Amino acid sequence: VYKPFPVKKEKGAKMVFIYVAGSTHVSDVNLLEGKFKRIGGEAFIKDNAEFVLAGYEPTEIPKYKTKEDYQKMNDNYIMKQIYGPWDRMKYVFSQTNSFKILPSTNLDDYINYYDQADVALVPLCKSDWNSYKSELKIMEAGCKQIPVICSNVEPYSTLKGKPGIMWVDTPDDWIKHIRYCIKNPEFVKEQGQALSEWVKEEFDLLKWNETRKQVLKNLIK
C-alpha cells in the first residue's frame, strides 16, 4: 500500500481526466478502450489532456520451490508477479498516448487523488448487479469539486437532471464530452462547483444521521 503524494495541477497544464477504482472494474474500463485508442491518434485531445488511472496494484501469486511444497502449501515460496486485471486496465489507458498510472493507497487517502484532476470518468456496465450499487463515484467527485462524465446506467441514471454530470448514452459521447471539456475549462469549473454544492446538500451526513436516528427509534418502539 502506498501513500498518495500531493499533486496539484500546474497553471496551463493539460486537462486531467481521472478514474479511481479497484481491480473489479475491468469490464467497466473496457468500455473506454475503443475511444481511448481513437484519442491516441487524435492530436488535439492527446496534446491537451491527460488520462489518469489511480489505484494500480500488481497481481502476485505464490511460486513454490518444489512440487512437494505446493502440495503441502507451506511457506517455501516466493511471490511472482503475473499479468492481472490492473495490467489490462493500464493497457486501456495507455491507448490514449497521454496517461499516468498511480499506485494503490489506503481507504483514508485514495480520495485525495481527485485533487489533481479536472474531470472524473465514471464508466459502468449495465447489469442487475451494478444497478444495486451506490452513486459513490459521483459523491467522490462532488467532494472534490470536479464534474463527471458518466455512463447513463443505474444507479447513476437515477440522478438525471442533477448538475455536474455529463451523460454517456453512446460510445461516441465519451469523446464528445472530453473534447468539450478541453475547449471549455470555465464550464468544467462551474459544473464541478455545482456538483459539489448538490452533493453537500443531498448527502449531508448530519442530516442523514438524524433520519437514521428516527428510523431506529421507530423500530425500537
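All values derive from a computational prediction rather than experimental measurement. (Residues numbered from 1 in each chain as written. Predicted model: local features only at pLDDT ≥ 70, side-chain atom pairs only at ≥ 80, totals over all residues. Heavy atoms only, no water.)

J.: Help me understand the nonpolar core in this model?
T.: Within soluble globular proteins, side chains that are nonpolar tend to cluster in buried spots. Grouped together as the largest cluster of nonpolar side chains are 29 residues, with contacts concentrated most on F17, F51 and I149. Only β1 (15-20), α1 (26-30), α2 (33-40), β2 (49-56), α5 (85-94), β6 (119-122), β8 (165-168) and α8 (172-183) provide two or more residues apiece to this core. Per element, the largest residue contribution to this core is 5 residues, and it comes from α8. When near neighbours in sequence (up to four residues on either side) are disregarded, I149 contacts F17, V119, A120, L121, V122, M166, V168, W174, H177 and I178. Listed in part, the 25 residues of the second largest apolar core include V52, A54, Y156 and V199. (Core = buried A, V, L, I, M, F, W, Y, C linked by side-chain atoms within 4.5 Å. Buried < 20%, exposed > 50% of the residue type's maximum accessible area, 1.4 Å probe, protein only. Helix = DSSP H or I, 4+ residues; strand = E, 2+ residues; numbered from the N terminus. Contact = heavy atoms within 4.5 Å.)

J.: Honestly, the pattern of salt bridges in this entry has me stumped. Any pointers?
T.: Oppositely charged side chains are able to pair whenever their charged atoms sit close together. Applying the stated criterion to the full structure yields 9 salt bridges. In this structure, D173 engages K176 in a salt bridge whose closest nitrogen and oxygen atoms are separated by 3.5 Å. Of the two residues, D173 and K176 both sit in helix α8, 3 residues apart, roughly one turn of that helix. The class of D173 is buried, set by a relative accessible area of 10%. (Salt bridge = Lys/Arg side-chain N within 4 Å of Asp/Glu carboxyl O.)

J.: How do you make sense of the sheet that holds strand β5 (residues 99-103) when you look at a structure like this?
T.: Hydrogen bonds between backbone groups are what pair the strands of a sheet, and the pairing can be parallel or antiparallel. Pairing is parallel in the open sheet, where 6 strands are placed in the order β5-β2-β1-β6-β7-β8. Two strands close off the open sheet at either side, each with one partner strand: β5 and β8. For this sheet the average axis-to-axis angle between neighbouring strands, irrespective of direction, equals 25°. With 2 bridges joining them, β1 and β6 adopt parallel strand pairing. Bridge assignment links F17 to a residue of β6, and that residue is V119. The strands touched by α5 are β1, β2 and β5; relative to β2, the strand with the most contacts, the crossing angle is about 175°. (Pairing = 2+ DSSP bridges. Axes fitted to C-alpha atoms, helices over the stretch in contact; angles between N-to-C directions.)

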